[in-house]
Amino acid sequence: MDTLAHTSGRLKVASLFSGCGVLDYGLTQAGHEIVLQTESDPDAREVLAARFQGICQPTDPATVECLPPDADVLAASVVCAEQEGSWRESWSKDSVASKLKQVLRLLKAGRGGQGGAVPWVLVEASTALLESDGEGVPIVCDLVSELERLGYRWAHRTIAAAAFGVPDVKPRVVLLASKHGDPRDVLLTEDAGKSANFLEPPGAETSQTFVFNQSAEGEMRVFSDFVDGFHPGDGGAVMDAAGHLAPVEVHDAERLQGLPPGWTLTSRPPAPGSRVDNAPRWKALAASLGCVPASQWIGSRLAKPYELKHDGRGSAFEAPVTVPWPTAAYNVGHGRAHVACSPFPRTNGGTLPTLGGFISGVVGAGGGGGGGEDRIGGCVTKETALECVKALRAAGWQPPPQLIAVEVAAEAAIAAATAAAV
């Protein structure tokens, strides 16, 4: 018979595809213990080795034969997994389907030492999990079907980091399955987004801040006041209301995942003024794309899974395979049902957090030696500044004079070089 080592309080977590430890750090902040981590990215593994010392950390979950005998939770973050193929035809071991199949393999293998099935399963993924895989079947449908065959009850919803004080409104999917409890009680009982005034934009007195961020495909995107998914990488910039441009620093990207500044540092900081290669830190952050406060909230709910009770409301699926798949749904043994649930479990003072008070590059941007043109030339590359101008225009914004001046100068230089070549 399946037993639960700890009915509440401190749980032991086996973590797959751990990245640089964003999900795991949030769970430890809620009082839980990490007993296993797997990660293939070498830069992220360096961070795990520094921040989670003394833990078994194999590179590939395929080498793990069974879960630790005392594991209470199997957690997996597949937010960064490749979104290709379908559940039945996945051509990469780094795809979402391939990684989720490793989760299911270990659930079937169970816990070592006669430990039986693991009581809780936690999966974090992008919203692409809910979309059609090209065959008309969302990957989440195949996943929950397998969980049901294994005897798990499940529930899922979308969660936005903005609900926890991070200025990022992009939702992610969180799915929780349980052998003994009601996952609805953990995930679906809090919903501050039903409040009519929660999503009010910043007031007119708030200075507008722009963040320029390159997507995973290399396209420069521009966000105002808050981001809609931030991809960690060098080459981004932040512009304040006065039009001053400054680079987005690594510690800003860490904070945009809810991490403390310096989390990805794995050696002693160099002397001030020394040249620093931050490429490994950017790569480590790109291997996670999580939100510490959100995972801490999940961890706090797991610590007291019976404290709140779901009201049981929901509408039954008209068919087992539903397209589009709802953003919040469950099956606790009486059939699949969907429920209205916003991505905002909690409030953050009633308004969305904004980038102006969050990104350090904005602080003091108006001071310092020289005018706007010197500042742009000294802080970000001219190529980045030009990309920022194009992104602003593509989004319908008028670039500030100092950026237009850089654009004019660059175009003149290109024209002169072309003329000289002829």
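Residues numbered from 1 in each chain as written. Predicted model: local features only at pLDDT ≥ 70, side-chain atom pairs only at ≥ 80, totals over all residues. Heavy atoms only, no water.

Digging into the packing of aromatic side chains
- Within the structure shown, the criterion is met by five aromatic pairs.
- Where Y25 meets W263, the ring centres are 4.5 Å apart and the plane angle is 45 degrees; that geometry is what we call tilted. Remark: W263 occurs in the loop between α6 (250-255) and α7 (279-286) and Y25 occurs in helix α1 (residues 22-29); sequence separation between them is 238 residues.
- By relative accessible area, Y25 is classed as buried at 18%.
- You can call W263 buried: its relative accessible area is 6%.
- Arranged with centres 6.0 Å apart and planes meeting at 75 degrees, the rings of F52 and W263 form a pair that is edge-to-face. You can see F52 sitting in the loop between α2 (42-51) and β3 (73-77) and its partner W263 sitting in the loop between α6 and α7, a full 211 residues away along the chain.
- An aromatic cluster is built from Y25, F52 and W263, whose rings are joined through pairwise contacts. (Phe/Tyr/Trp six-rings, centres within 6.5 Å; stacked < 30°, edge-to-face > 60°. Helix = DSSP H or I, 4+ residues; strand = E, 2+ residues; numbered from the N terminus. Buried < 20%, exposed > 50% of the residue type's maximum accessible area, 1.4 Å probe, protein only.)

Description of the layout of surface pockets
- Of the volumes computed, that of the largest pocket is approximately 660 Å³.
- Every residue lining the largest pocket is counted, 26 residues in all, and those nearest its centre are V79, K170, F230, H231 and L289.
- Class assignment for the residues of the lining of the largest pocket results in 12 nonpolar, seven polar and seven charged. (1 Å grid on protein atoms, 1.4 Å probe; cavity = no way out; pocket = protein on both sides within 12 Å on 5 of 7 lines; lining within 4 Å. Points joined across faces, edges and corners; volume = space filled by probe spheres on them. Nonpolar A, V, L, I, M, F, W, Y, C, P; charged D, E, K, R; others polar.)

Comments concerning the nonpolar core
- Grouped together as the largest cluster of nonpolar side chains are 63 residues, with contacts concentrated most on C20, L122, V211 and L259.
- In terms of residue count, the dominant contributor to this core is helix α8 (residues 292-303) (five residues).
- Membership of the second largest hydrophobic core comes to 41 residues, among which are A97, L107, V123 and Y152. (Core = buried A, V, L, I, M, F, W, Y, C linked by side-chain atoms within 4.5 Å.)

Regarding the sheet that holds strand β7 (residues 210-214)
- Taken in spatial order, the four strands make up an open sheet running β8-β7-β9-β10, and their pairing is antiparallel. The sheet is open, and its two edges are formed by β8 (220-224) and β10 (245-247), each paired on a single side. The sheet shows a mean angle of 25 degrees between the axes of neighbouring strands, direction not considered.
- Relative to β8, β7 runs antiparallel, the two being bridged by five bridges. Looking at β8, one finds that F210 is bridged to S224. (Pairing = 2+ DSSP bridges. Axes fitted to C-alpha atoms, helices over the stretch in contact; angles between N-to-C directions.)

So, the pattern of salt bridges
- For the structure shown, the criterion picks out 15 salt bridges.
- The partner of R157 in a salt bridge is D191, and the shortest N-O contact between them spans 3.9 Å. Placement of R157 in strand β5 (residues 153-160) and of D191 in the loop between α5 (183-187) and β7 is noted, with a sequence separation of 34 residues between them. You'll find R157 and D191 in the same group, each marked buried.
- In this structure, D185 and K309 form a salt bridge, with 3.3 Å as the shortest nitrogen-oxygen distance. Note that D185 is positioned in helix α5 and K309 in the loop between α8 and β11 (315-316), a separation of 124 residues in sequence.
- According to the relative accessible area criterion, K309 is exposed, its value standing at 61%.
- Residues joined in a network through salt bridges with shared partners are D182, R184, D185 and K309. (Salt bridge = Lys/Arg side-chain N within 4 Å of Asp/Glu carboxyl O.)

Re the packing of helix α3 (residues 96-109) against helix α4 (residues 139-149)
- One way to put it is that α3 packs onto α4 with a least axis distance of 11 Å and a crossing angle of 5 degrees. When the axes of α3 and α4 are compared, the pair comes out roughly parallel. Listed contacts from α4 to V96, A97, L100, L104, L107 and K108 of α3 are I139, L143, E146 and L147.
- Looking at the contact of α3 with α4 residue by residue, the classes come out as eight nonpolar, no polar and two charged. (Parallel < 35°, antiparallel > 145°, perpendicular 65-115°, else oblique. Contact = heavy atoms within 4.5 Å.)

A few points about α3
- With 14 residues, α3 extends 20 Å between its outermost C-alpha atoms, agreeing within 8% with the 20 Å of an ideal straight helix rising 1.5 Å per residue.
- Most of α3 sits inside the fold, with 10 of its 14 residues counted as buried.
- Along α3, the residues that are buried comprise V96, A97, S98, K99, L100, Q102, V103, L104, L106 and L107.
- Looking at the buried positions of α3, the neighbouring elements they touch are β1 (12-16), β3, β4 (120-125) and α4.
- Directly beyond the C-terminal end of α3, a positive phi value near 75 degrees is found at G110. (Expected span 1.5 Å × (residues − 1).)

Here's the deal with the pairing of β7
- Within β7, four of the five residues are buried, which leaves it mostly tucked inside the rest of the structure.
- In terms of strand pairing, β7 meets strand β9 (residues 237-239) through three bridges, oriented antiparallel. Bridge pairing in β9 links V211 to V238.

Re unusual backbone geometry
- V323 connects to P324 through a cis peptide bond whose omega is 0 degrees.
- Topologically, P324 is positioned in the loop between β11 and β12 (329-331).
- For D225, which is not glycine, the phi torsion reads 75 degrees and is therefore positive.
- Positioned with a positive phi, L289 is a non-glycine residue whose angle comes to about 55 degrees.

Let's talk about the confidence of the model for the chain
- With 87% of its residues at a pLDDT of 70 or more, the chain shows a mean pLDDT of 85.
- Within the chain, the element-level pLDDT minimum falls on helix α9 (residues 372-379), averaging 42, and the maximum on β1, averaging 98.
- Note that pLDDT drops below 50 for residues 1-7; the model gives that stretch 14 contacts with residues more than four away or on any other chain.
- The low-confidence segment residues 363-378, where pLDDT is below 50, has 20 contacts with residues more than four positions distant or belonging to other chains. (pLDDT = per-residue confidence, 0-100.)

Things to note about α4
- Where burial is concerned, most of α4 is hidden: nine out of the 11 residues are buried.
- Within the sequence span of α4, burial applies to I139, V140, C141, D142, L143, V144, S145, E146 and L147.
- Buried positions along α4 lie against α3, β5 and β6 (171-178).
- In the segment just after α4, G151 is the residue with positive phi, at about 90 degrees.

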